[in-house]
Amino acid sequence: MKRAGWYLIAGAAAGFAGIIGFHGSGTAAPAALGQPKPGSAGAAAAPSAPDRTTGPAARAGASGPVRTATGKVEQYGYGELSVTVTARGNQITGVSVPLLRTAEPYSQQLAQQVIPMLRAEVLAAHGAQIHGVSGATYTSVAYAQSIQSALDKLHIK
Amino acid sequence: MGFDSVVAPRSRQGRKRQPARAEPQRPRPALARAGLMLAGAGLGAVTALAITDETLAELRAPGGAATFLGSLTGLVGMYLALLMVLMVSRIPAIERVLGQDGLLRWHRWLAPWPISLLLAHALFITIGYAQAARTGLAHQVAVLLTRYPDVLIATVGLGIMCTIGVLSIHAIRRRLRRETWWLVHLYMYLALALSFAHVLALGPSFVGHPLTQIVWSVAWAATAGLVLCYRFGLPVVRSVRHRLVVHEVRQEGPGVVSVICSGRRLDKLAVTGGQFFFWRFLTRSMWWQAHPYTMSALPQPPYVRLTVKAVGDHSAAVAKLRPGTRIVIEGPYGAFTRFAQLRPQVLLMAAGIGVTALRSLLEDLPRNSAPVVVLRGARPEDLVLRREVAELVRYRNGRLHELVGTREQAPLDERSLQRLVPDLHRRDLYVCGPEGFVTSIVEVAARLGLPSEAIHHEAYAL
């Protein structure tokens, strides 16, 4: 068939331009809403919103200055993360993850699902002694270790 | 009951078709062009998809570059694999334009790409993930295989693909029997099916993007549908409809037999001269393989005829077929037909068993079309069907040249071809026969200034 190559190239250019165009018009909306793109690999995403946790903060015994410490960056099988702990006195009032880097989108997605559960466990347990989330053992362990190092910095037992 | 006793009166009477005879569909190059553009659009789209999904920050992160290359090679590789399947899915509109051997040539030409891209994909992804997680490669391989969904089966699929790829390397393929290789080759479908799931579960362009998930799945499902429909469904429907059985096997020359088959409603079988079918003879030893053989005459309801030279196990077994053996057909295929003709007249050349396609093509040419026909054979008895060809040529006021002897005794070079066919510049060349013969004639014709669009060839690979 004559000039087959040109038809292929013309089609490829059209397909390429089409997707780029569609992408350009389509991503504007979510970006404006300020949502992190799901499945973004390797990016230092902020999966959990800055914690202004109200519930546990109102707990009795929470007195004194508000202190914050960030735990060690923990490597786990699928990436790395670190956890920041906010405390008033000896009471943990907030937990957030300022750094989460994963190798690929699937792990990112898993981590984003798991981190809120882990945070809830920490707030309930008032410390790093958490059960973890089954199916996300590595992430749970890394999370707990980073929390522990943050608590050590804050001298909270 | 002889086939030429059916053929002869008809060719004397003229090319009067039975009124109800199905007219073959004309090839429409515009459809093939649209198909090509669509294929190109898909390639552009998947490349763009891989790129748009990547941000600069992701690229700079540890392992980002390798991961990006991994997803790009993976996407493009899977897409090319999809195209390869489409190329052999026998879509009639495309097949009529490009022909079975044209499509197979492209298929063969493209084959190394998806396999190497997918292999590169596996390597890049492993390296990228290992860099991101700061672990060793071996550990990362273990993590990928055990912890990630569907990666293990996709790896099995890749293994199958690579094995088939290695077996397809010319030096190795030569040593395998055609049937063995062909059966092994079918495992490619399994390999692709195994790889499908991990793309949707893990691909950066698919995780969290329902639209791309749907488009990708629909494209693959449609391809599977086309394969099932045209490689399986249509042949079954045609075979059941026409119910062909072996009627008679007749010796035509040394090692050459004609199989005359009878069937029902053959006037409804739209076939153009020069086309071929895949024939599956339902005997205990042959039912599992289908082989391409050309019809050596247009159907004469209730009969069709194929002529076969014994070169392999299958073609040798054809000579021993018993009358009554049932036949499953797949086809007709091939663009080696009158529809390909661009110039006012034709030169038809055939060597050995290539005469079969020439014979039925000749039958399709109008009266007074004055074809020049060249038949070549090592010995006089190798010019099978020569009496039928001579009669058809005479009826069309053409000329027939029979060249018998070795290459030295009866050479076919520029000079001799020009002497045989002084008006070559007004003719299309159709050449058919063993690969060496076809290649050398095509070269000679090109040197004589025949444009490639006016050269139509079909080589019989053994």
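Once a new chain begins, its residue numbering starts again from 1 and follows that chain's sequence as written. Key to labels: chains lettered from A, ligands numbered from 1, both in the order written. Owing to the predicted nature of the model, reporting of local features is limited to residues with pLDDT of at least 70; listing and counting of side-chain atom pairs is limited to 80 or more, with chain, interface and lining totals taken over all residues. In computing side-chain properties, one takes all heavy atoms of the structure into account and sets aside hydrogens as well as water.

### As for the overall build of chain A
The helix and strand tally for chain A stands at three helices and four strands. Segments assigned H or I by DSSP are reported as helices when at least four residues long, segments assigned E as strands when at least two residues long, and all are numbered from the N terminus. Starting at the N terminus and ending at the C terminus, chain A contains elements arranged as α-β-β-β-β-α-α. For the accessible areas, the method is Shrake-Rupley and the probe is 1.4 Å, while residue cover comes only from the protein chains on display. When the accessible surface of chain A is summed, it comes to about 7,900 Å², and 61% of that surface belongs to carbon and sulfur atoms.

### Some points on the interface of chain A and chain B
Every contact between the two is made by 33 residues of chain A and, on the other side, 40 residues of chain B. By buried area we mean the combined loss of accessible area, with a 1.4 Å probe, across both parts when two parts are placed together. In total, chain A and chain B occlude about 3,100 Å² of area from one another, counting both sides; carbon and sulfur atoms represent 71% of this. What makes a salt bridge here is a side-chain nitrogen of Lys or Arg within 4 Å of a carboxyl oxygen of Asp or Glu, nothing more. Between the two partners, chain A and chain B, sit zero salt bridges. Identification of polar contacts relies on pairs of N or O atoms within 3.5 Å, with a donor-acceptor requirement for protein atoms, meaning one able to donate a hydrogen and the other able to accept it, and with residues adjacent in sequence counted only if both atoms are side-chain atoms. Applying the counting criterion to the chain A and chain B interface returns five residue pairs in polar contact (both at pLDDT 80 or more). Elements with a contribution of two residues or more to the side of chain A that touches chain B: α1 (4-33), β2 (74-76), β3 (79-88) and α2 (105-125) of chain A. Take the side of chain A that touches chain B: its biggest share by element is 12 residues, from α1(A). Of the residues that constitute the side of chain A that touches chain B, the class distribution is 18 nonpolar, 10 polar and five charged. When checking whether two residues touch, look at their non-hydrogen atoms; a contact exists if any pair is within 4.5 Å. Following the grouping adopted for this structure description, the nonpolar residues are Ala, Val, Leu, Ile, Met, Phe, Trp, Tyr, Cys and Pro, the charged ones are Asp, Glu, Lys and Arg, and the polar ones are all others, Gly among them.

### Description of the pairing of strand β3 (residues 276-281) of chain B
Residue and element names in this part refer to chain B. Only protein chains enter the area calculation, which uses a 1.4 Å probe; residues under 20% of their type maximum are buried, those over 50% are exposed, and those in between are partly exposed. Burial within β3 is extensive, with five of its six residues counted as buried. Strand pairing requires that DSSP identify at least two bridges connecting the strands. Two elements, β3 and strand β4 (residues 291-294), share four bridges in a ladder whose sense is antiparallel. The residue of β4 that forms the bridge with Phe 277 is Tyr 293. Of the strand pairs in this sheet, β3 and strand β6 (residues 327-333) are connected by five bridges, and their pairing is antiparallel. In the strand pairing of β6, Phe 281 is matched with Ile 327.

### Side note on unusual backbone geometry
In this model, Pro301(B) is joined to Pro302(B) through a cis peptide bond whose omega is 10°. Mapping Pro302(B) onto the fold places it in the loop between β4 and β5 (303-309). Between Gly331(B) and the following residue, Pro332(B), the backbone shows a cis peptide bond with an omega angle of 0°. With respect to the helices, strands and loops of the structure, Pro332(B) is situated in strand β6. Residues other than glycine seldom take positive phi values, yet His126(A) does so here, at roughly 55°. By relative accessible area, His126(A) is classed as partly exposed at 33%. Positioned with a positive phi, Asn368(B) is a non-glycine residue whose angle comes to about 65°.

### Comments concerning the pattern of salt bridges
All names here are of chain B. Inspection of the entire model under this criterion finds 15 salt bridges over all chains. The salt bridge involving Arg 379 is made with Glu 381; its shortest N-O contact spans 3.9 Å. By sharing partners, the salt bridges in this structure join Arg 305, Arg 359, Glu 363 and Glu 388 into a single network.

### As for the sheet that holds strand β2 (residues 256-262) of chain B
Residues and elements named next belong to chain B. With antiparallel pairing, the three strands of this open sheet are ordered in space as β1-β2-β5. If you trace the sheet from one side to the other, it starts and ends with β1 (245-253) and β5, each paired once. Averaged over all pairs of adjacent strands, the angle between strand axes in this sheet comes to 20°, irrespective of strand direction. Here β2 runs beside β5; their pairing, made up of seven bridges, is antiparallel. Bridging from a neighbouring strand, Ser 262 pairs with Tyr 303 of β5. Between N-to-C directions, angles span 0 to 180 degrees; the directions come from axes that are lines fitted to C-alpha atoms, helices contributing only their stretch in contact.

### So, a nonpolar patch on the surface
A surface patch of nonpolar side chains, about 320 Å² in accessible area, is lined by Trp182(B), Leu183(B), Leu186(B) and Tyr189(B). Take Tyr189(B): its relative accessible area is 32%, and that puts it in the partly exposed class. Note that patches include only residues with greater than 30% relative accessible area and no salt bridge, and the join distances are 9 Å for like charges and 5 Å for nonpolar side chains (Val, Leu, Ile, Met, Phe, Trp, Tyr).

### Some thoughts on the side chain of Asp428(B)
All names here are of chain B. Checked against the element boundaries, Asp 428 lands in strand β10 (residues 427-434). Within the buried core, Asp 428 has no salt-bridge partner, and the shortest N-O distance to an opposite charge, that of Arg 343, equals 4.2 Å. In terms of polar contacts, Asp 428 uses its side chain to reach the backbone amide nitrogen of Arg 343, at 3.1 Å. Among the polar contacts made by the side chain of Asp 428, one reaches the side chain of His 456 at a distance of 2.7 Å. If we skip the residues at most four places from it in the chain, Asp 428 touches Ala 340, Gln 341, Leu 342, Arg 343, Gln 345, Val 346, Leu 347, Ala 454 and His 456. Two residue types count as positive, namely Lys and Arg, and two as negative, namely Asp and Glu; His and chain ends fall outside the count.

### Considerations on the nonpolar core
In summary, soluble globular proteins display a tendency toward joint burial of nonpolar side chains. With 39 residues, the main nonpolar core has Val95(A), Tyr143(A), Ile147(A) and Tyr148(B) as its most contacted residues. Listed by contribution, the elements that provide at least two residues to this core are β3, β4 (91-102), α2 and α3 (137-154) of chain A together with α6 (112-133) and α7 (137-147) of chain B. Ala39(B), Leu75(B), Ala81(B) and Phe206(B) belong to the second-largest nonpolar core, a separate cluster that totals 37 residues. Throughout this description, the term nonpolar core refers to a set of buried Ala, Val, Leu, Ile, Met, Phe, Trp, Tyr and Cys residues connected via side-chain atoms within 4.5 Å.

### A closer look at the sheet that holds β6(B)
Residues and elements named next belong to chain B. On the basis of which strands lie adjacent, the open sheet formed by three strands has the order β4-β3-β6 and antiparallel pairing. Edge positions in the open sheet fall to β4 and β6, since each of these has one partner strand only. If you compare each strand with its neighbour and ignore which way they point, the axes differ by 35° on average.

### Some words on the confidence of the model for chain A
When pLDDT is averaged along chain A, the result is 75, and 75% of the positions lie at 70 or above. pLDDT runs from 0 to 100 and stands for how confident the predictor is about each residue. Residue range residues 27-60 of chain A is modelled with pLDDT below 50. Its contacts to residues more than four positions away, or to other chains, number 48 contacts.

### Describing the environment of Ala12(A)
Its location among the elements puts Ala12(A) in helix α1. Along the backbone, Ala12(A) and Gln148(A) are 136 residues apart, and their C-alpha atoms lie at a distance of 53 Å. Ignoring any residue separated from it by four or fewer positions in sequence, one finds Ala12(A) in contact with Gly40(B), Ala41(B) and Gly44(B).

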